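Observations on the model geometry
So the chains spell out like this:
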Amino acid sequence: MSAPLRILQCLRAPVGGLFRHVLDLAEAQAALGHEVGILADSRASDALTTARLEAIRPKLALGLHLIPMSRNPGIGDIAATQAVATIAKRLDLDVLHGHGAKGGLYARLAAARLRRSGRRLVCVYTPHGGVLHFDPKSMKGRVLLGAERAISSLTDAIVFESAFSQSAYRAKIGEPACETRVIPNGLKPDEFATVTPAPDAADLLFIGELRHLKGVDVLFEAIAAIPDPDRPRAVIVGAGPDAEAFKAQARDLGLDAHVTFPGAMPAREAFRLGRCLVVPSRAESFPYIVLEAAAAGLPMIATRVGGIPEIYAEASDRLVPAGDSAALRGQIDAYRSNPSAFAAAALSLRDSVERRFTVDRMSRAVLDLYRQRLDGADARQLGRTG
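Numbers given for residues are sequential positions, taken from 1 along each chain in its written order. Given that this is a predicted model, residues contribute local features only at a pLDDT of at least 70 and side-chain atom pairs are listed and counted only at 80 or more, while totals for whole chains, interfaces and linings are drawn from all residues. Calculated side-chain values reflect all of the structure's heavy atoms, with hydrogen atoms and water omitted.

Attention now goes to the nonpolar core. Judged by nonpolar contacts, the single largest core of 52 residues is most densely connected at Phe271, Leu277, Tyr312, Val353 and Tyr370. In this analysis, two residues are considered to be in contact whenever any of their non-hydrogen atoms come within 4.5 Å of each other. Discounting chain neighbours no more than four positions away, the residues touching Tyr370 are Leu5, Ile7, Gln9, Leu25, Gln29, Val95, His97 and Val124. By nonpolar core we mean a set of buried residues, namely Ala, Val, Leu, Ile, Met, Phe, Trp, Tyr and Cys, connected to one another through side-chain atoms within 4.5 Å. We call a residue buried when its accessible area falls under 20% of the maximum for its residue type, exposed when it is over 50%, and partly exposed in between, using a 1.4 Å probe and counting protein chains only. Formed by 25 residues, the second largest nonpolar core is a distinct cluster that contains Val216, Val259, Ile301 and Leu328.

Pasting the structure below:
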């Protein structure tokens with residue numbers, strides 16, 4: 001039997017699908033007998049994040065480490081990289097796995113520093129969308145994608161959650177010089193249980209980070225185009241930098257009586273608040289919310305972006321174009337006219353997702369990649385010392 005690995009999962013913001021992925025991966029790896037730690041930004045302090053970190057803490061043999069990490073590039077990145085390197089050295093790691101733009105930056109720079117001192121360490125990177133969402137023609141896109149290109153040589157392997165992300169990386173950054181694998185996100189067995197909407201559930205439900213990329217404004221435009229008294233009610237679950245702008249838009253469109261903002265909460269708790277989930281995103285990587293809603297048997301309306309067509313597979317013809325409020329309204333009207341057809345499609349999608357996307361499959365595939373790269377590192381080390 002292979003010896004247990006010492007693994008540190010490094011990310012910046014412990015929120016959203018990226019955080020969910022890291023928690024699932026760390027928990028599954030620990031359950032398989034490996035020693036795992038998590039390193040994240042110390043300034044994320046909402047109640048839900050704190051509760052999730054405290055729940056995973058007892059399972060982390062290598063501990064939970066929180067340090068200051070900035071969202072935007074700056075002088076603080078130097079101190080954060082040094083802190084990651086110091087923690088990684090003290091933990092005597094086999095694998096340092098960076099998630100997202102900042103987690104990937106810190107992990108790769110820290111691993112390179114440690115390897116220069118002769119330490120055996122494999123560094124794996126998962127973009128999770130991140131810089132891949134930026135337009136390479138924009139100034140910010142050129143800077144961030146250029147930085148990604150500059151540190152790509154420090155990467156031992158890249159994990160993509162979707163074929164879309166792998167394709168976007170090649171188009172915007174270039175052909176990776178290291179091993180790459182597409183390993184989709186997965187769900188736990190207990191998540192494949194139908195959630196029944198509450199008696200007073202709204203017609204429509206959005207769950208996610210409240211920022212422009214998620215397309216809440218497009219949803220509001222679609223709802224506003226439906227005249228009273230037929231206008232549907234919507235619940236907008238989440239928090240984020242554009243929350244106040246969305247609330248102002250709802251007021252400006254006269255949707256105060258039709259839209260509520262209850263804040264952030266766990267997805268399965270939020271599912272009871274609406275009868276149909278709307279995912280109006282302008283861009284995605286491989287969104288957990290689509291997987292989770294599918295597992296719960298919740299009818300959905302979603303855009304054709306990122307890895308969503310890979311989740312829908314043969315049913316992807318039901319997806320709508322991003323940014324198109326008229327097309328979104330058309331699907332909302334179709335759902336309200338024939339909810340039973342959407343319910344049947346939801347159960348079919350649940351069966352498909354259950355066959356293809358599980359945490360066990362995801363975690364074992366990632367561990368297999370770690371082992372392969374460690375074996376390669378051992379072979380290189382033997383070549384240098386032989």
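On to the pattern of salt bridges, then. Salt bridge, as used here, is a side-chain nitrogen of Lys or Arg placed within 4 Å of a carboxyl oxygen of Asp or Glu. By the definition in use, this model includes 23 salt bridges. A salt bridge links Arg181 to Asp368; its shortest N-O distance comes to 2.7 Å. You can see Arg181 sitting in strand 7 (residues 179–182) and its partner Asp368 sitting in helix 14 (residues 359–385), a full 187 residues away along the chain. What makes Asp368 partly exposed here is its relative accessible area of 43%. Here the residues in one salt-bridge network are Arg20, Asp24, Glu27, Lys59, Lys188, Glu191 and Glu292, joined through shared partners. Helix and strand definitions follow DSSP, with helices as H or I runs of at least four residues and strands as E runs of at least two, each counted in order from the N terminus.

Here the focus is the sheet that holds strand 12 (residues 300–302). Sheet architecture is open: 5 strands sit in the order 10-9-8-11-12, paired in parallel fashion. This sheet does not close on itself; its edge strands, each paired only once, are strand 10 (259–263) and strand 12. When the angles between neighbouring strand axes are averaged without regard to direction, this sheet yields 25 degrees. Direction of pairing for strand 8 (residues 202–207) relative to strand 9 (residues 234–237): parallel, over a ladder of 4 bridges. Opposite Leu204, over in strand 9, you have Ala234 as the bridge partner. A pair of strands is considered paired only if DSSP assigns at least 2 bridges between the two. Orientation is described by axes fitted as lines to C-alpha atoms, over the contacting stretch for helices, and by angles from 0 to 180 degrees between their N-to-C directions.

Here a Phe, Tyr or Trp ring, Trp counted by its six-membered ring, pairs with any other such ring whose centre lies within 6.5 Å, and the pair is stacked when the planes are under 30 degrees apart, edge-to-face when over 60, and tilted otherwise. Under the criterion given, the structure shown has 4 aromatic pairs. Measuring from ring centre to ring centre gives 6.1 Å for Phe220 and Phe261, while their planes differ by 85 degrees; the resulting arrangement is edge-to-face. Placement of Phe220 in helix 7 (residues 216–224) and of Phe261 in strand 10 is noted, with a sequence separation of 41 residues between them. A relative accessible area of 0% places Phe220 in the buried class. You can call Phe261 partly exposed: its relative accessible area is 23%.

Between Asp228 and the following residue, Pro229, the backbone shows a cis peptide bond with an omega angle of 5 degrees. Even without being a glycine, Ala313 presents a positive backbone phi close to 55 degrees. Position of Ala313 among the secondary structure elements: in the loop between helix 11 (308–312) and helix 12 (325–337). Look at Ala313 and you get partly exposed, because its relative accessible area is 27%.

Before going further, it helps to spend a moment on the pairing of strand 8. In terms of residue burial, strand 8 counts as a mostly covered element, since 5 of its 6 residues are buried. Judged from the 3 bridges that link them, strand 8 and strand 11 (residues 274–279) form a sheet pairing that is parallel. Looking across to strand 11, one finds that Ala202 is bridged to Gly274. By convention, a crossover is right-handed whenever its connection, traced from the first strand over the helix to the second and viewed with the strands pointing away, goes clockwise. Each parallel crossover has a hand, and for strand 8 linked through helix 7 to strand 9 it is right-handed.

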